[in-house]
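Here's the letter readout for the chains.
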Amino acid sequence: MLVVAGLSLKNLQPDVWKPESPYYISALQAVMVSYGEFHQMPKQMQKAKEVGLRKYLGVPAETKVFLDNGAFYFLRSGDVAERKDYEEFVEEAKPDWYPMAFDVIPTPQMSNAKQRRCMDDTMAANRAYNHDGYVPVIHICRILDEYVRAVKRSPKLSAKARIALGAMVPNLLRAPKAVSYDTVLKCLFDVRSTFHEKEMHVFGIGGTATLHLAALLDIDSADSSGWRNRAARGIVQLPGSGDRVVADLGSWRGRSPNEEEWKKLQRCRCPACREKGLEGLKANGLAGFCNRATHNLWILLDEARWLDKHLNAGTYENNYRRRLDNSIYLPLMKQVLEMKKQAEQR
Ligand SMILES: [Zn+2]
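Below is a short write-up of the structure. Here the residue numbers are simple positions, counted from 1 along each chain's written sequence. Note on the predicted model: pLDDT of at least 70 is required for a residue's local features to be given, and 80 or more for side-chain atom pairs to be given and counted; whole-chain, interface and lining totals, by contrast, use all residues. Side-chain numbers come from the whole structure's heavy atoms, not from hydrogens or water.

1. Looking at the sheet that holds strand S7 (residues 221–224)
As summarised here, the arrangement of the 7 strands in space is S3-S2-S1-S7-S6-S5-S4, forming an open sheet in which the pairing is parallel. At either margin of the open sheet sits one strand with a lone partner, and together these are strand S3 (64–68) and strand S4 (137–139). On average, adjacent strands in this sheet sit at an angle of 25° to one another, irrespective of strand direction. Should any heavy atoms of two residues lie within 4.5 Å, those residues are counted as being in contact. Think of each axis as a best-fit line through the C-alpha atoms, taken over the contacting stretch in the case of a helix, with angles from 0 to 180 degrees between the N-to-C directions. Helix and strand assignments come from DSSP, with helices taken as H or I runs of at least 4 residues and strands as E runs of at least 2, each series counted from the N terminus. Sheet strands in contact with helix H7 (residues 144–153) are S4 and strand S5 (162–166), and its direction is about 160° off that of S4. Two strands pair under a simple rule: DSSP has to find at least two bridges between them.

2. With respect to the packing of aromatic side chains
Stacked, edge-to-face and tilted labels apply to pairs of Phe, Tyr and Trp rings (six-membered ring for Trp) whose centres lie within 6.5 Å, assigned for plane angles under 30 degrees, over 60, and everything in between, in that order. One pass over the full model with this rule turns up 15 aromatic pairs. Ring centres 5.3 Å apart and planes at 55° place the aromatic pair Tyr-86 and Phe-102 in the tilted group. Taken together, the positions of Tyr-86 in helix H5 (residues 83–93) and Phe-102 in the loop between H5 and helix H6 (112–128) put the pair 16 residues apart, joining distant regions of the chain. With a relative accessible area of 0%, Tyr-86 lands in the buried category. Measuring from centroid to centroid gives 5.8 Å for Trp-97 and Phe-203, while their planes differ by 75°, and the two rings are edge-to-face. With Trp-97 in the loop between H5 and H6 and Phe-203 in the loop between strand S6 (199–202) and helix H11 (208–216), this pair connects stretches of sequence that are 106 residues apart. We note that Trp-97, like Phe-203, is buried. Taken together, the aromatic side chains of Tyr-35, Phe-38, Tyr-56, Tyr-73, Phe-74, Tyr-86, Phe-89, Tyr-98, Phe-102, Tyr-129 and Tyr-134 make up a single cluster linked through ring pairs. Working rule: Lys NZ or Arg CZ, within 6 Å of ring centre, within 35 degrees of ring normal, means a charge sits over the ring. The ring of Trp-262 carries Lys-282 above its face, with NZ or CZ at 5.2 Å from the centroid. Buried residues are those whose accessible area, probed at 1.4 Å on protein chains only, stays under 20% of the maximum for their type, while exposed residues exceed 50% and partly exposed ones sit between those limits.

3. A few points about the coordination of the zinc ion
Ideal values differ by geometry: the angle at a metal is 109.5 degrees with four tetrahedral donors, but 90 or 180 degrees with six octahedral donors. Within the protein, Cys-268 (SG), Cys-270 (SG), Cys-273 (SG) and His-295 (ND1) serve as the donor atoms for the zinc ion, at 2.1 to 2.3 Å. Any nitrogen, oxygen or sulfur atom within 2.8 Å of a metal ion counts as a donor, with the limit raised to 3.2 Å for Na, K and Ca, and since water is left out, coordination shells can look unfinished. Irregular is the default label, applied whenever a site is not tetrahedral (four donors, all angles between 85 and 135 degrees) and neither square planar nor octahedral (four or six donors, opposite donors over 155 degrees apart, all other angles between 65 and 115). Coordination at the zinc ion is tetrahedral: its 4 donor atoms span angles of 103 to 123° at the metal. For the zinc ion, the single-chain donor residues occur in sequence as C-x1-C-x2-C-x21-H. When sorted by exposure, Cys-270 lands in the same class as Cys-273, which is buried.

4. Focus: H5
Within the sequence span of H5, burial applies to Tyr-86, Phe-89, Val-90 and Ala-93. All buried residues of H5 project into a common sector of 95° when viewed along the axis, lining one side. Exposed residues on H5 whose side chains face more than 90 degrees from its buried face are Lys-84 and Glu-91. For H5, the elements touching its buried residues are helix H1 (35–40), helix H2 (42–51), helix H3 (53–57) and S3. Trailing H5 by a residue or two, Lys-94 shows a phi angle of about 55°, which is positive. To be clear, the arc concerns the directions from the helix axis to the C-beta atoms.

5. Some points on the side chain of Arg-292
With respect to the helices and strands, Arg-292 occurs in helix H15 (residues 285–313). Buried within the structure, Arg-292 lacks any salt-bridge partner; Glu-279 is the closest side chain of opposite charge, at an N-O distance of 10 Å. We define a polar contact as two N or O atoms separated by no more than 3.5 Å, with the added condition that, inside protein, one atom must be a possible hydrogen donor and the other a possible acceptor, whereas residues neighbouring each other in sequence contribute only through side-chain atom pairs. Of the polar contacts made by the side chain of Arg-292, one reaches the backbone oxygen of Ala-283; its length is 2.9 Å. Setting aside residues up to four positions removed in sequence, Arg-292 forms contacts with Ala-231, Gly-234, Ile-235, Val-236, Val-246, Ala-247, Leu-249, Leu-281, Lys-282 and Ala-283. The convention is simple: Lys and Arg are positive, Asp and Glu are negative, and His and the chain ends are not counted. Only one rule defines a salt bridge in this text: a Lys or Arg side-chain nitrogen within 4 Å of an Asp or Glu carboxyl oxygen.

6. A short note on the packing of H15 against helix H16 (residues 316–323)
Viewed as axis vectors pointing N to C, H15 and H16 meet at an angle of 150°, and their least axial separation amounts to 9 Å. The pairing of H15 with H16 is recorded here as roughly antiparallel in orientation. Of the two elements, H15 crosses H16, and the hand of that crossing is right-handed. The segment H15 lies against H16, with Asp-302, Glu-303, Trp-306, Leu-307, His-310 and Leu-311 engaging Tyr-316, Asn-319, Tyr-320 and Arg-323. When residue character is reported, Ala, Val, Leu, Ile, Met, Phe, Trp, Tyr, Cys and Pro are called nonpolar, Asp, Glu, Lys and Arg charged, and the others, Gly included, polar. Residue classes in the contact of H15 with H16 are distributed as 5 nonpolar, 2 polar and 3 charged. Between 65 and 115 degrees an angle is taken as roughly perpendicular, under 35 as roughly parallel, over 145 as roughly antiparallel, and anywhere else as oblique. In this scheme, a crossing is called left-handed if the near helix is turned counterclockwise away from the far one by less than a right angle; it is called right-handed if the turn is clockwise.

See below:
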């Protein structure tokens with residue numbers, strides 16, 4: 001599975017995708033920027049259109065540049081963008097991957113009727129972009145099965161080679177009335193089987209455990225900004241397991257590493273830990289942030305590598321419990337494995 005590192009235009013450090021950077025991670029093959037951010041920064045938007053996103057970001061030829069249409073930002077801020085401006089941006093900045101404009105994201109708090117309106121608006125936008133490379137978007141919500149039927153009804157949309165799944169963020173954050181994990185999994189599994197021939201992207205995957213889920217569901221690519229968000233809160237990730245707070249940045253609380261976990265961190269081979277060690281992870285300011293972010297992304301990519309290896313070799317089932325020790329998500333992996341077995345028997 002391709003792990004796409006979500007970037008922020010407001011602070012492009014650490015520049016993990018640049019071979020000349022001290023934070024360079026060679027396993028990183030794709031980055032994502034958001035049109036929502038460009039929309040807020042007209043100068044940067046202009047520059048990216050002039051030179052193209054690849055050159056603007058300094059991304060090497062072998063690394064893919066994904067563009068997010070900013071739907072989540074527009075939902076949150078109430079800000080509005082014009083379709084034609086987005087189209088112009090796509091045409092001139094030339095991302096390798098870009099969704100249609102603009103999907104209307106349902107929130108878990110909405111009634112079914114409201115979620116249906118979001119779906120109708122999103123499907124209308126999908127149909128308006130059934131040409132060229134625009135990727136259709138559908139959302140995890142209570143009426144996901146209706147979404148799937150709506151895509152299948154359109155010959156042009158169902159003929160597209162790619163599809164993207166959104167609204168994982170609100171659903172996985174367990175907002176009130178969020179779809180239960182069971183339902184999310186079953187829906188995801190059904191969507192994946194229905195569109196088994198399509199290249200499927202999932203927007204906004206959080207950390208390690210959700211990466212396991214995506215890999216088990218044969219998702220082709222998933223983006224995450226969790227490596228940066230966690231770093232900003234003083235948090236580092238451990239291989240296979242959860243978040244640990246290593247830098248005391250005041251307002252954030254959480255579990256500190258135990259003795260064994262500190263040792264694990266000490267052995268970390270990521271570019272930041274190799275260079276700066278534990279002190280680097282604990283540091284304040286931009287340096288500490290860059291070290292933790294680099295570390296977190298490296299861990300996520302390493303987890304993706306582990307997943308590819310074990311899923312390809314058929315050894316996942318025997319190893320995931322140990323890998324994800326004590327994760328609260330273990331029952332979810334077990335459930336997906338069950339669903340896969342049942343599907344194979346059918
Ligand atoms: Zn590290």
